[in-house]
Amino acid sequence: MRGQIILSHGLNSEPNATKVSALAAQAEAQGWQTQRPDYRDDDARGHDGCVAPRIARLRATIEALPTPPLLVGSSMGAFVSGLASLDVPVLGLLLLATPSEIPGYARAFDLRHGVPTMLIHGWRDDVCPPEGMQAFAGKHRLPLLLLDDDHRLGANMDVISAQFQGLLDQLATAA
């Protein structure tokens, strides 16, 4: 086993969503163990009301592991992955279509500094406009890949998969 990966789906999505399922299969084929928490009960609390319960669920999942995991998240899953990384050690972060803030939630997006991180966003994302992540990535000097895509990033799964592979290879080499 190479390590642990926790993949967090977006708001009103599910653990078997297209992106997290494809990335989980890719990692599992290389010997990584994956988990996909089910946040649907948390999402029933609403857009800003689901954030704290999602973070608590993700933290509990991380704390139950023997080693720090790689966190992969999409949209709301990316937002809570970043915030959870502030409180518990993580191996790295791959964050897709990340909102820079959640209206009504007190904290803006942030993440643990000093861990391998890759941000991927769509130029045409009308749910989480790219400007917020552009400013965040620039301020923290993090890699940000902007793709000609919308919020779902569905037209670029091959590019996302290649970036994910690069991160997996980097983490495997560092181990």
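Presented here is an overview of the structure given in this document. Predicted model, so just to flag it, every value in this text is computed and none were measured.

1. Some remarks on the overall build of the protein
Regarding its fold elements, the protein presents 6 helices and 6 strands. Secondary structure elements in the protein, listed N-terminal to C-terminal, are β-α-β-α-α-β-α-β-β-α-β-α. Overall, the C-alpha framework of the protein stretches about 40 × 35 × 30 Å when taken along its three principal axes. The burial tally for the protein puts 50% of its 175 residues in the buried class. Of the accessible surface of the protein, which amounts to about 7800 Å², a share of 49% is contributed by carbon and sulfur atoms.

2. Some words on the packing of helix 3 (residues 51–63) against helix 4 (residues 76–85)
Where helix 3 meets helix 4, the axes come as close as 9 Å, and the angle between the chain directions of the two elements is 60 degrees. Classed by the angle they form, the pair helix 3 and helix 4 counts as oblique. Of the two possible hands of crossing, helix 3 and helix 4 adopt the one that is right-handed. Of the residues in helix 4, those in contact with V51, R54, I55, L58 and R59 of helix 3 are M76, G77, F79, V80, S81, L83 and A84.

3. Brief notes about helix 6 (residues 157–174)
An ideal rise of 1.5 Å per residue puts 26 Å on 18 residues; helix 6 measures up with 26 Å between its terminal C-alpha atoms. Every buried residue of helix 6 is listed here: M157, I160, F164, L167, L168 and L171. Down the axis, helix 6 shows its buried residues gathered within 100 degrees of arc, on one side only. Those residues of helix 6 that are exposed and angled more than 90 degrees off the buried face are D158 and T173. Those residues of helix 6 hidden inside the fold are in contact with strand 1 (4–8), helix 1 (18–28), strand 3 (70–74), strand 4 (92–96), strand 5 (117–122) and strand 6 (144–147).

Criteria and thresholds
Residues numbered from 1 in each chain as written. Predicted model: local features only at pLDDT ≥ 70, side-chain atom pairs only at ≥ 80, totals over all residues. Heavy atoms only, no water. Helix = DSSP H or I, 4+ residues; strand = E, 2+ residues; numbered from the N terminus. Buried < 20%, exposed > 50% of the residue type's maximum accessible area, 1.4 Å probe, protein only. Areas by Shrake-Rupley, 256 points an atom, 1.4 Å probe, with all protein chains shown as cover. Axes fitted to C-alpha atoms, helices over the stretch in contact; angles between N-to-C directions. Parallel < 35°, antiparallel > 145°, perpendicular 65-115°, else oblique. Left-handed = near helix turned anticlockwise from the far one by under 90°. Contact = heavy atoms within 4.5 Å. Expected span 1.5 Å × (residues − 1). Arc of directions from axis to C-beta.

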